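Fold and geometry: a report
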Amino acid sequence: MSELLGVAVLGAGHMGADHIRRVDQVVSGARVAAVADPDAERAKEAVGGIGGTGRITVHTDVEAALDAPGVEAVLIASPGEAHEEALLAAFARGLPVLCEKPMVPDSAGALRVVEAEARLGRRLAQIGFMRRYDAEYRQLKSLLDGGRLGRPLMLHCVHRNVSSPPHFTSAMLINSSVSHEIDAARWLLGQELSAVTVLRPRPSAGAPEGLLDPQLVLFETEGGAVVDVEVFVNCGFGYEVRCEAVCEAGSARIGAAHTMMVTAAGGAREEVPQDYLVRFADAYDREVQSWVDATRRGLVTGPGTWDGYAAAAVAEAGVRALDTGVRTPVDMAPRPSLHDRA
């Protein structure tokens with residue numbers, strides 16, 4: 001491995017451009033070696049501010065980027081429907097991967113990725129559930145694992161966005177937005193989610209016509225806990241993520257204080273983040289640095305392909321619950337051993 005880990009970044013949109021900046025300016029031990037995006041001009045713009053850009057190759061084809069000189073690892077930040085092909089191409093080359101969520105949008109495709117990695121006999125992929133790297137979430141995880149508050153009984157979660165993009169659908173409130181809560185709940189509780197119910201209050205006047213926003217999503221776990229998620233993607237006032245764990249001997253809440261208080265002109269106000277890249281900037285930085293450090297040691301850590309599959313399977317059950325209005329069990333495939341070879 002070279003002195004600096006050569007990373008191919010796939011996707012140069014909002015998330016991809018931020019990761020290109022992060023690898024270049026924030027993370028130590030890595031450099032951007034190649035970028036791929038169907039829009040070549042967007043890819044060139046994303047790397048335009050990087051010093052020594054002659055070392056970076058720009059491509060419209062994923063496989064060309066993976067085969068570019070100096071590429072030793074892959075960061076996938078393209079749209080979700082492109083992830084399966086990119087992951088399998090990286091596996092075929094033995095390249096370690098950090099893949100943004102969703103790993104693959106549908107559970108069948110996600111399971112194919114799990115099985116492909118299992119056939120390799122070793123982990124190659126870390127999935128980008130960045131909340132596991134947020135300082136507050138990690139503190140809550142440590143508290144719950146320590147057992148001081150007894151067994152967790154409920155999680156109360158809030159997920160609010162200022163507005164949704166034009167293409168956003170009612171199903172995407174679950175399979176895009178709530179997918180973060182799905183993974184966080186599984187991780188915090190150490191349990192799989194077994195059933196989903198979705199309640200639909202009347203849509204907000206601020207929601208685009210036809211969008212069922214907000215929603216209240218209720219998860220049951222295999223261990224008997226209950227998780228509720230208020231998801232509201234057109235709240236209009238800020239980006240808010242909160243979680244409260246209610247346990248047998250106490251409760252713990254995170255997210256409420258993650259803001260800045262500004263006092264000026266005879267008054268005081270709290271500033272509310274307007275974007276997930278602001279609220280979770282430190283978590284993204286910590287996630288990518290952790291991935292780079294582990295990769296340079298020949299390791300893969302953090303959430304894996306099974307976590308990506310589980311999120312897809314639970315989200316699919318959630319979308320069925322949204323469509324039918326009834327409680328829907330989660331259909332999960334048996335978990336293969338990473339060392340099983342088909």
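Presented here is an overview of the structure given in this document. Predicted, not measured: the structure shown is a model, and the values here were computed from it.

Conventions used here
Residues numbered from 1 in each chain as written. Predicted model: local features only at pLDDT ≥ 70, side-chain atom pairs only at ≥ 80, totals over all residues. Heavy atoms only, no water. Helix = DSSP H or I, 4+ residues; strand = E, 2+ residues; numbered from the N terminus. Rg over C-alpha atoms; globule rule 2.2 N^0.38 Å. Buried < 20%, exposed > 50% of the residue type's maximum accessible area, 1.4 Å probe, protein only. Contact = heavy atoms within 4.5 Å. Areas by Shrake-Rupley, 256 points an atom, 1.4 Å probe, with all protein chains shown as cover. Pairing = 2+ DSSP bridges. Axes fitted to C-alpha atoms, helices over the stretch in contact; angles between N-to-C directions. Salt bridge = Lys/Arg side-chain N within 4 Å of Asp/Glu carboxyl O.

Notes on the overall build of the protein
For the protein, the count of helices and strands is 11 helices and 15 strands. Whereas a compact globule of 342 residues would reach a radius of gyration of roughly 20 Å, the protein reaches 20 Å, a difference of no more than 12%. On the principal axes, the C-alpha backbone points of the protein span a range of 65 × 55 × 45 Å. For the protein, with 342 residues in total, the buried portion stands at 52%. Summarising the internal contacts of the protein: among those between residues at least 6 apart in sequence, 73% fall at separations of at least 24. When the accessible surface of the protein is totalled, it reaches about 15,000 Å², and 51% of it is carbon and sulfur.

Overview of the sheet that holds strand 2 (residues 30-36)
Note: strands within a sheet are paired through backbone hydrogen bonds, in either parallel or antiparallel orientation. Read across the open sheet, the 6 strands follow the order 3-2-1-4-5-6; overall the sheet is parallel. Of all the strands in the sheet, just strand 3 (57-59) and strand 6 (125-128) have a single pairing partner and so form its edges. In this sheet, neighbouring strand axes are inclined to one another by 25° on average, regardless of whether the strands run parallel or antiparallel. Seen against the sheet, helix 2 (residues 40-47) touches strand 2 and strand 3 and runs at an angle of roughly 155° to strand 3.

Regarding helix 4 (residues 83-92)
Three- or four-residue spacings in an α-helix give side chains the same orientation, since the helix completes a turn every 3.6 residues. Summarising burial for helix 4: 7 of the 10 residues are buried, a large majority. By the burial criterion, the buried members of helix 4 are His-83, Glu-84, Ala-86, Leu-87, Ala-89, Ala-90 and Phe-91. Lining the buried residues of helix 4 we find strand 1 (5-10), helix 3 (62-66), strand 4 (73-76), strand 5 (97-100), helix 5 (107-120) and strand 6. Gly-94 lies just past helix 4 and shows a positive phi near 70°.

Section: the sheet that holds strand 15 (residues 328-329)
Across the sheet, which stays open at both edges, the 7 strands sit in the order 12-11-7-10-9-8-15 with mixed pairing between neighbours. Two strands in the sheet have a free side with no partner beyond their single neighbour: strand 12 (250-254) and strand 15. The pairing of strand 11 (residues 240-247) with strand 12 spans 5 bridges and is classified as antiparallel. Pairing of Ala-245 across the sheet is with Ala-252, part of strand 12. Contacting strand 7 (152-160), strand 11 and strand 12, helix 6 (residues 135-146) runs over the sheet at an angle of about 10° to strand 11.

What about the pattern of salt bridges?
The tally for this structure, following the rule as stated, stands at 22 salt bridges. In this structure, Arg-21 and Asp-18 form a salt bridge, with 3.1 Å as the shortest nitrogen-oxygen distance. One end of the pair is Arg-21 and the other is Asp-18, both in helix 1 (residues 14-25) and 3 residues apart, which spans about a single turn. On the basis of relative accessible area, Arg-21 is assigned to the partly exposed category, the value being 30%. For the salt bridge of Glu-63 with Arg-93, the shortest nitrogen-to-oxygen distance reads 3.1 Å. Taken as a pair, Glu-63 in helix 3 and Arg-93 in the loop between helix 4 and strand 5 lie far apart in primary sequence, 30 residues in all. By relative accessible area, which is 30% here, Arg-93 ends up partly exposed.

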